[in-house]
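# Summary of structural features
Single-letter residue listing:
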Amino acid sequence: MNKLIVFLDSNEYKRCGHNFKSTPMKKLVELTQKGIIKIISTNVVVSEVSQHIEDDVDTFASEQKKLAHDAGAIRNIPEMAVFVNKIDIEEIKRKAKQAFQDFLHDTECEVLTSKEIDADALLDDYFNKRLPFERNVRKGDEFKDAFIVYTLRKYSIDFEQCVHVVSSDKGFCGALEGNDKFRVYQRSEELFTYITMVAEEIPQANVISVHDYINDNQDLIDELIADAINGTSIYVDEEYNEGNIVSAEISFKKTNQL
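Here's a quick rundown of the structure. (Residues numbered from 1 in each chain as written. Predicted model: local features only at pLDDT ≥ 70, side-chain atom pairs only at ≥ 80, totals over all residues. Heavy atoms only, no water.)

Using the criterion set out here, one finds eight aromatic pairs in the structure. Pairing Phe7 with Phe172 gives two aromatic rings, centres 6.1 Å apart and planes at 35°, and the pair type is tilted. In this pair, Phe7 sits in strand 1 (residues 4–8) while Phe172 sits in helix 8 (residues 170–174), placing the two residues 165 residues apart along the sequence. Across the pair, Phe172 and Phe7 agree in class, each one buried. Judged by centre distance (5.5 Å) and plane angle (75°), the ring pair of Tyr13 and Phe100 falls under edge-to-face. Here the residue Tyr13 occupies a position in helix 1 (residues 10–15), and Phe100 occupies one in helix 5 (residues 89–106), the gap between them amounting to 87 residues. By relative accessible area, which is 1% here, Tyr13 ends up buried. Looking at Phe100, the relative accessible area reads 1%, which means it is buried. Above the ring of Tyr150, the side-chain terminus of Arg153 is found at 5.3 Å from the ring centroid. (Phe/Tyr/Trp six-rings, centres within 6.5 Å; stacked < 30°, edge-to-face > 60°. Helix = DSSP H or I, 4+ residues; strand = E, 2+ residues; numbered from the N terminus. Buried < 20%, exposed > 50% of the residue type's maximum accessible area, 1.4 Å probe, protein only. Lys NZ or Arg CZ within 6 Å of the ring centre and 35° of its normal.)

What follows is the structure, given as structure tokens:
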């Protein structure tokens, strides 16, 4: 089958704890390397995920500082030093964000820019409160989602591709609803289930159907092949001659790949 184009919203990275050794993240890498999916992203999402990773580190550092402050006698235990000693926050942020960059590299992720989106159409959606623009939602989040939606729409049109979107954001997903260029999943596991059905169950069912058809129509298939052979010309020793084939007999048929 053709590669499925997959887009991961920032909330899916967050659901997986920005842990690129988690089962969903490793599965995405595996599917990419097998040539089953192609992952795309946008510059907005990459920046947002990077910021979320920094926020994770800041939260961890704050909790670790409290833990170290109350460590007391625990400091006497050498094995616990990693939990109570002062940490280099900036170095940890660098390594944590590098894990994200490694994921993008390992999946050969194509990062789309938002340079060529229709700003007038975007503003028209904003003033008319069309999704992803909603009431009682922070404008920064709305515009961020709108840039992503418009970028994905342009990609799907330019490349005539259906984009498989993994996102739990209702407003974001609502903006794609009714568009046959998009298929939306709440989480990666739903995408994996779909891939299993398309890549394994449906092709296997097709194989069974084709073999059943061949077995049920042996005489017809033999006749069609014989007619095709009888209707050909003859090419022998670099010379082309018109001629007639007197008869053709089909003794063996084999299906190599479906």
